[in-house]
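Listed below, chain by chain, are the residues.
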Amino acid sequence: MKILVPCKRVPDPDLKVKLNEDGTGIVTDGIKYAPNYFDEIACEEALRIREKGDVEEIVVVSIGPDDAQTQIRHCMALGADRGVHVVTDEVVDSDLAAQMLAKVVETEKPDLILMGKQATDTDCAQGGPILAEMLGYPQALYAASVTVEGTSVTVKREVDGGIETVKMELPCIITTDLRLNEPRFAKLPSIMKAKKKPIDKKSPADLGVEMTPKVKVLGFTAPPERQAGQIVPDVATLVDKLVNEAKVF
């Protein structure tokens, strides 16, 4: 079995970002980037499936500028075998990303595609479903448990009111949720080995994809600042404020 794991380069979620002056994006000068955490979960699940003896190769693919290969190397240090880097400095929306991933899938012919349910920078959660539609593959979103049995895979996913269990035939697409696993840390010897693992670089033109996004971001606004709390002298005053000011009752 071959598993394909898309991994997006995103701003480090532990850092506080600043909006640029015209509100069209964030200030990127000197910003630290990291692998999308949900994609790390997908990579970890691919590694766990391989540890059961079911996988011959794990391929990581990323779309982004030259330094996005850092995120590919990170997944390689965790245990992925090789990488595919679609190099572009242009804006990539969910549809464009799915188009390029579909072309990579046509070349790589993976049996299973494991990807994060969403990216922590845009939070669209659209890439997996769009890619599944383009390829005509069955899909299971927000996976909390994945079990591969021969040519089929069983996925348990959390839904409102309980757990839904779905079974699909390979090839298929699974998007991963937080409860699926806890990603491992890369060890120093693995980090050194990852530097020698191959990365196949391509351009959108190589894949036959025109860089025309369907989504246009009109602007960003910062969330309102949290107001300071109040100290009240008694319960009656608290109830009055909850009813007349906060209007929670």
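Going by the structure above, here's the rest.
Below is a short write-up of the structure. (Residues numbered from 1 in each chain as written. Predicted model: local features only at pLDDT ≥ 70, side-chain atom pairs only at ≥ 80, totals over all residues. Heavy atoms only, no water.)

1. Details of the pattern of salt bridges
Pairs can form between side chains of opposite charge whenever their charged atoms are close.
Stage number 1. The full count for this structure, using the stated rule, is 17 salt bridges.
Stage number 2. Across the pair Asp200 and Lys202 runs a salt bridge whose closest N-O atoms are separated by 3.4 Å.
Stage number 3. On the basis of relative accessibility, which here comes to 34%, the residue Asp200 falls in the partly exposed class.
Stage number 4. Given a relative accessible area of 22%, Lys202 falls into the partly exposed group.
Stage number 5. Within this structure, Lys2, Glu57, Arg82 and Glu108 form a network of salt bridges that share partners. (Salt bridge = Lys/Arg side-chain N within 4 Å of Asp/Glu carboxyl O. Buried < 20%, exposed > 50% of the residue type's maximum accessible area, 1.4 Å probe, protein only.)

2. A word on the state of the cysteines
Stage number 1. With the rule as written, the count across this model stands at zero disulfides.
Stage number 2. No disulfide involves Cys7; its sulfur sits 3.8 Å from the nearest other cysteine sulfur, which is in Cys75.
Stage number 3. Of all cysteine sulfurs in the structure, the one in Cys7 sits closest to Cys124, which takes part in no disulfide; the separation is 17 Å.
Stage number 4. For Cys124, a relative accessible area of 37% translates into the label partly exposed. (Disulfide = S-S within 2.5 Å.)

3. Observations regarding unusual backbone geometry
Stage number 1. Cis geometry marks the peptide bond from Leu170 to Pro171; its omega dihedral reads 0 degrees.
Stage number 2. Tracing the backbone shows Pro171 in the loop between strand 9 (162-169) and strand 10 (172-176).
Stage number 3. The residue Ala125 is not glycine, and still its phi comes out positive at about 55 degrees.
Stage number 4. Note on placement: Ala125 falls in the loop between strand 6 (112-116) and helix 4 (127-135).
Stage number 5. Not every positive phi belongs to a glycine, and Lys247 is a case in point at roughly 55 degrees.
Stage number 6. Inspection of the secondary structure puts Lys247 in the segment after helix 7 (235-244).
Stage number 7. Take Lys247: its relative accessible area is 61%, and that puts it in the exposed class. (Helix = DSSP H or I, 4+ residues; strand = E, 2+ residues; numbered from the N terminus.)

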